[in-house]
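# Residue-level structure breakdown
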Amino acid sequence: MSTGATTTVDHVDGHDHHEGNYLTAGRGLRSWLFTLDHKRIGVMYLGTILFAFLLGGIFALLVRTELLTPQQTIMSADDYNRMFTLHGAIMTFLFIIPGIPAALGNFILPLMLGAKDVALPRLNLASYHIYVIGSLMAVASILAGGVDTGWTFYTPYSTTTNGAVILVTLSVFVLGFSSIFTGINFIVTVHRMRPAGMGWFQMPLMLWALYATAIIQVLATPVLAITVLLIIAERALGIGIFDPALGGDPVLFQHFFWFYSHPAVYIMILPAMGVISELVAIFSRKPIFGYKAIAYSSIAIAVFSFLVWGHHMFVSGQSELAVVIFSALTFSVSIPSAVKVFNWLSTMYRGAIRLETPMVYALVFIFLFGIGGLTGLFLASLATDVHLHDSYFVVAHFHYTMMGGTMIAFLAGIYHWWPKMFGKMFSQKWGNIGAIVIFVGFNVTFFSQFVMGAKGMPRRYFNYPPEFEIYHVMSSIGSYVLAIGLFIAAGVLVHSLIAGKKAPVNPWGGATLEWQAASPPIHHNFDSPLLLTNPYDYTAQRWDEAEQGYVPVDPEKEPQTT
Amino acid sequence: MQFGLFKSIFNPSHDAAKPVNGFATEENPLLNVLAQLNVGSILATVRPFLAQLPDSFWMPSQASSKAAEVDTVFYVIYWISVFFFAIIVGLMALFIVRYRSRRQGERAPDSPNHSLALEITWTAIPVIISIAIFVLGFQSFMNIATPPRNSYEILVTGQKWQWFFEYPNGFVTSELHVPEDQPVKLTMTSEDVIHSLWIPAFRVKKDVVPGRYTRTWFEAQEPGTYPLLCTEYCGTGHSDMLSVVTVHKSGTFEQWLEESANIYDTIPPAEAGELLVQRSGCVQCHSLDGSPNIGPTFVDLYGYEQQLTDGRVVIADENYIRTSILEPMTDLVAGYEPVMPTYAGKLKDKEITYIISYLKSASDRGPSEEESAEAETEDPAAQDPDAASATEEE
Ligand SMILES: [Cu+2]
Ligand SMILES: [Cu+2]
């Protein structure tokens, strides 16, 4: 553990400037691109991932604009098909999957452990480089003719259609390695670098969540890698594993695909739940309720997530026995999720709830994820899923969980750790306004999709029956409001970098170790000995008006009551 | 082979080109036990209450025997969800108002940070509710999955981007027709990629997979016409892969079937042809008004020069058209994608002749001199007064 020595740290990237913080330690593009500092890698990940989000968001807006009228509005059917494919692929593989773990996780995980870096910094940098290469391949596919398979690459469509399918699937293959590297790194770091005195059950819940996520990343991603390789082999060599024309089985592909992609859903949501667990406790100024239940439920979700892939295939023609088993198992995942929600609510009970911007996002998360989770029941239940499968109901459901859940938690986390990352405070008023506009826009966009889906509107439709126009128009208008909200949210952060007040060490009163590092942290994170406390004990700190932040209560003196 | 084992676990019906026999209920004792659970009576108890709901807000009209049951399951889950959501958001709002701290540095009073009793309760309640919902959904599903033995069977073929429905007498339509109050079993397969057949008003859906047969069934209850859609993404025309299902009043279906099977022989060939291009789904890709679509328009096609992708220029005569329909990949028209499916085995020779007659009638180069004798005897309706003058102008 770092003790604040000023001697050279072994993995400094050539320059040894120890004055200033990690942002100023080392200058020039090279000092960023080849840094081994987890914080810089995290920040670069954050920038790249947000760029991918912008790109995926532009495609989403184009799709929604096309759907303003029941016939062609601004593009051809083929362009539309390429748009929604790119929207889905970019959002899934470039944004939501790496989002919280790679960007926030990289920055925060070693800090929360009081460590000076992850266990395998070089692997960490490699993961980022691979991510960039994979992303560039995905973007290059747009120039190489685009892809119109949908992000799910279902065979035999994906093995027979034209376009840059091989390039995109290769990019998914490459991105998978970046994800696996991050996972390995987090597992090793959590096992090996916990400070003396921090047992498993003294870890912040964010670390439990990242750890559970890492396990899924390492175990499930190879299956995806093999699956996309098989698609490539099928297209390039005609090996005949999926294409019935060659004696293959197209449904087999769906099993392979969802064996990864269902657990991937939890790669997306588990870290989000971790963020929310931190935030709800900090901003209720109260220890998290049911710590162990939340920790165990993360692991339970990770385990169950491997057993339910077949619920994407209830109408695919798999055997009724398999269908029934998958339905039953699917319900099991709902329970740990429900437990977490109840724990968050109980944490708020009798708290001293501060409606700071990160908390506002956390509350938005509970609301939207609540809807996302509950509508999952309709899809887990067999009779109703038969009707709702592949309709807009499903589209709405996974946007409520993925976007209303993961993306909102990602924003919550960005706002929460922003002062730590960049040493600047943002405008809370505008931060909250952004959150509310996003909340309204989101519900208008996606709630209307539940209704039209149940009424009979299939997904991935370019033309649609005119009776659905009203819902589509609502949804499209909502998406513009949502976009405005996101731009406000981004503007608030950019503005803080230019004109924000200097952030104190501990603006929110967190008790996890990162709040003992300077804002922003120095290159090797900590320079004074750490005070290891229960991560949810907020009694050993008090608000300091001059500092505009929380400071430790001097243990020698009588604690000052506030 | 490993894959074979894998397939046999998850897809007992995998064997290509062999219709599925023996449903899960007959083979799996587990399913039998579950199916015995008497949830039907629970449903029967709650249905009267649910029937009063404004179900038009969420669901399309109910036109099959299973629709009401599925909707009941839907609304049971719906109200459970509304209930829990109200609790979650209500408590959240209450706590925000009640415990909001407006002063920095305020500390929450001490309160317990876990409670075994509470945690067991809020684990147990979702467990029980989940099991209940599972059993509800499962029961209705098994009813949908297992067609009664006396079902009327219709063979369904999905093909980019249209549906074919073949009735026991060999008659094929692109719109589904079914009798009222009789179980109908659809045995389905695809010619190309995966499609999925969805009839929202019947609450049935099943993927249509190449190289294997899938099936579903329903019993239509309300005479009328309902949308039938493809819900598995299948390319350019996915959203145009629409059709309708017409439910015939009981007793009138057989008559309809007989009359329509013979209809082409009772009307003039060009009219029969026009009907055929509409019913066989050609109009998904070919327009009848002169505008190009996925394929070239049918107006002024017959008798005109066609520029092919391989550079040849040919006149669209009877044989060219016949080849285009039966072997669409032989002569590809320049400027279009090679997406036209073959109709070999789907259109009878006679029907192709009718379509050719129609194409002639839709072209100003319609019946040429050599053929006018034939046309006169066969199809006086195709004698377009304008056609002659148009030819003269050339
Ligand atoms: Cu899933
Ligand atoms: Cu389709």
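Please read these numbers as outputs of a predicted model, since none were measured by experiment. (Residues numbered from 1 in each chain as written. Chains lettered and ligands numbered in written order. Predicted model: local features only at pLDDT ≥ 70, side-chain atom pairs only at ≥ 80, totals over all residues. Heavy atoms only, no water.)

### Looking at the overall build of chain B
- Broken down by element type, chain B carries 12 helices and 12 strands.
- The proportion of buried residues among the 394 residues of chain B is 49%.
- In chain B, 62% of the contacts between residues at least 6 apart in sequence involve partners at least 24 apart.
- Carbon together with sulfur atoms contributes 57% to the accessible area of chain B, which is approximately 18700 Å² in total. (Helix = DSSP H or I, 4+ residues; strand = E, 2+ residues; numbered from the N terminus. Buried < 20%, exposed > 50% of the residue type's maximum accessible area, 1.4 Å probe, protein only. Contact = heavy atoms within 4.5 Å. Areas by Shrake-Rupley, 256 points an atom, 1.4 Å probe, with all protein chains shown as cover.)

### Observations regarding the overall build of chain A
- Per the secondary structure count, chain A includes 15 helices and 2 strands.
- In terms of overall size, chain A behaves like a compact globule, its C-alpha atoms giving a radius of gyration of 23 Å where 562 residues would be expected to give roughly 24 Å.
- By principal-axis analysis of the C-alpha atoms, chain A measures approximately 75 × 50 × 45 Å.
- Counting across all 562 residues of chain A, residues that qualify as buried make up 68%.
- Of the contacts made within chain A by residues no fewer than 6 positions apart, 79% connect residues no fewer than 24 positions apart.
- In the structure as shown, chain A presents an accessible area of about 17600 Å², 68% of it carried by carbon and sulfur atoms.
- Averaged over its 27 positive side-chain charges, chain A has a centre that lies 6 Å from the centre of its 29 negative ones. (Rg over C-alpha atoms; globule rule 2.2 N^0.38 Å. Lys, Arg positive; Asp, Glu negative; His and termini not counted. Charge placed at Lys NZ, Arg CZ, Asp CG, Glu CD.)

### Examining the packing of aromatic side chains
- The tally for this structure, following the rule as stated, stands at 70 aromatic pairs over all chains.
- Each ring, one from B:Phe74 and one from B:Tyr78, has its centre 6.3 Å from the other, and the planes form 10 degrees; the classification is stacked. Of the two residues, B:Phe74 and B:Tyr78 both sit in helix α5 (residues 67–99), 4 residues apart, roughly one turn of that helix.
- An aromatic cluster of three or more residues is present, and its members are A:Phe378, A:Phe393, A:Tyr400, A:Phe442, A:Phe446, A:Phe447, A:Phe450, B:Trp58, B:Phe74, B:Tyr75, B:Tyr78 and B:Trp79.
- In this structure, A:Arg40 is placed above the aromatic ring of A:Trp32, and the distance from its NZ or CZ to the ring centre is 4.2 Å.
- The ring of B:Trp198 carries the charged tip of B:Lys205 above its face, separated from the ring centre by 4.0 Å. (Phe/Tyr/Trp six-rings, centres within 6.5 Å; stacked < 30°, edge-to-face > 60°. Lys NZ or Arg CZ within 6 Å of the ring centre and 35° of its normal.)

### With respect to the confidence of the model for chain B
Residue and element names in this part refer to chain B.
- Residues of chain B with pLDDT of at least 70 account for 79%, and the chain-wide mean is 80.
- Least confident of the elements in chain B is helix α1 (residues 2–10), whose mean pLDDT is 38; most confident is strand β6 (residues 195–199), at 96.
- Long-range and interchain partners of residues 1–27, a stretch whose pLDDT sits below 50, account for 52 contacts in this model, where long-range means more than four residues apart.
- Low pLDDT, under 50, characterises residues 50–55; the stretch is placed with 9 contacts to residues that sit more than four places away or in other chains.
- Listed scores for the predicted complex are pTM 0.83 and ipTM 0.90. (pLDDT = per-residue confidence, 0-100.)

### Overview of unusual backbone geometry
- With an omega of 0 degrees, the peptide bond running from A:Thr155 to A:Pro156 counts as cis.
- Along the chain, A:Pro156 turns up in the loop between α4 (121–143) and α5 (157–160).
- A cis amide bond links B:Lys160 with the next residue in sequence, B:Trp161, at an omega value of -10 degrees.
- Along the polypeptide, B:Trp161 turns up in the loop between β1 (152–159) and β2 (162–166).
- With phi around 55 degrees, A:Gln548 is a residue other than glycine that occupies positive phi space.
- For A:Gln548, the position within the fold is in the loop between β1 (541–544) and β2 (549–552).
- Assessed through its relative accessible area of 39%, A:Gln548 is described here as partly exposed.
- Positive phi, close to 55 degrees, is recorded for B:Asp300, a residue that is not glycine.
- Secondary-structure assignment places B:Asp300 in the loop between α8 (269–279) and β11 (305–307).

### Details of the pattern of salt bridges
Residues and elements named next belong to chain B.
- Under the definition given, this model contains 15 salt bridges over all chains.
- Residue lysine 348 pairs with glutamate 351 through a salt bridge whose shortest N-O separation is 4.0 Å.
- By relative accessible area, which is 51% here, lysine 348 ends up exposed.
- Taking the relative accessible area as the measure of exposure, glutamate 351 reaches 11% and is therefore buried.
- In the salt-bridge network here, residues are joined through shared partners; they are Asp310, Arg312 and Asp331. (Salt bridge = Lys/Arg side-chain N within 4 Å of Asp/Glu carboxyl O.)

### Side note on the sheet that holds strand β9 (residues 224–230) of chain B
Residue and element names in this part refer to chain B.
- Reading across the sheet, the 5 strands line up as β4-β10-β9-β6-β7 and stay open at both edges, with mixed pairing between neighbours. Looking at strand neighbours, the two that pair on one side only are β4 (176–179) and β7 (204–208), the edges of this open sheet. For this sheet the average axis-to-axis angle between neighbouring strands, irrespective of direction, equals 25 degrees.
- Pairing of β4 with strand β10 (residues 243–248), which is carried by 4 bridges, proceeds in the parallel orientation. (Pairing = 2+ DSSP bridges. Axes fitted to C-alpha atoms, helices over the stretch in contact; angles between N-to-C directions.)

### Here we look at the packing of helix α10 (residues 320–348) of chain A against α5(B)
- Relative orientation of the contacting elements α10(A) and α5(B) amounts to 20 degrees, with a least axis distance of 9 Å. The orientation of α10(A) with respect to α5(B), classified from their angle, is roughly parallel. Crossing hand, α10(A) versus α5(B): left-handed. Only B:Phe84, B:Ile88, B:Leu91, B:Met92, B:Phe95, B:Ile96 and B:Tyr99 of α5(B) make contact with α10(A), whose side of the interface consists of A:Val341, A:Phe342, A:Leu345 and A:Met348.
- Partitioned by chemical class, the residues of the contact of α10(A) with α5(B) number 11 nonpolar, no polar and no charged. (Parallel < 35°, antiparallel > 145°, perpendicular 65-115°, else oblique. Left-handed = near helix turned anticlockwise from the far one by under 90°. Nonpolar A, V, L, I, M, F, W, Y, C, P; charged D, E, K, R; others polar.)

### Comments concerning the coordination of the copper ion (ligand 1)
Residues and elements named next belong to chain A.
- Listed as protein donors to the copper ion (ligand 1) are His262 (ND1), His311 (NE2) and His312 (NE2); their distances from the metal cover 1.6 to 2.1 Å.
- Ordering the donors of the copper ion (ligand 1) by residue number gives the pattern H-x48-H-H. As far as the burial class goes, histidine 311 and histidine 312 line up, both buried. (Donors = N, O, S within 2.8 Å, 3.2 Å for Na, K, Ca; no water.)

### Comments concerning the pairing of β9(B)
All names here are of chain B.
- Pairing of β6 with β9, which is carried by 2 bridges, proceeds in the antiparallel orientation. Bridge pairing in β9 links leucine 197 to cysteine 230.
- Across 5 bridges, β9 lies against β10 in antiparallel orientation. Considered in β10, the bridge of glycine 224 is made with valine 247.

### Quick word on the domain arrangement of chain B
Residues and elements named next belong to chain B.
- Looking at chain B, the domain boundaries give domain 1 (4–51), domain 2 (66–92 + 117–263) and domain 3 (267–393).
- Distance from the C-alpha centre of domain 2 to the C-alpha centre of domain 3: 37 Å.
- Between domain 2 and domain 3, the contact holds 15 residues from the first and 15 residues from the second.
- Interface of domain 2 and domain 3: buried area, both sides summed, is about 1200 Å²; carbon and sulfur atoms make up 53% of it.
- Sorting the residues of domain 2 by area buried against domain 3 places Trp161, Gln162 and Ile263 first, and these three jointly supply 41% of that buried surface.
- The salt bridge involving lysine 346 is made with glutamate 191; its shortest N-O contact spans 3.5 Å. (Domains from an automatic or database assignment. Buried area = accessible area lost by both parts, 1.4 Å probe.)

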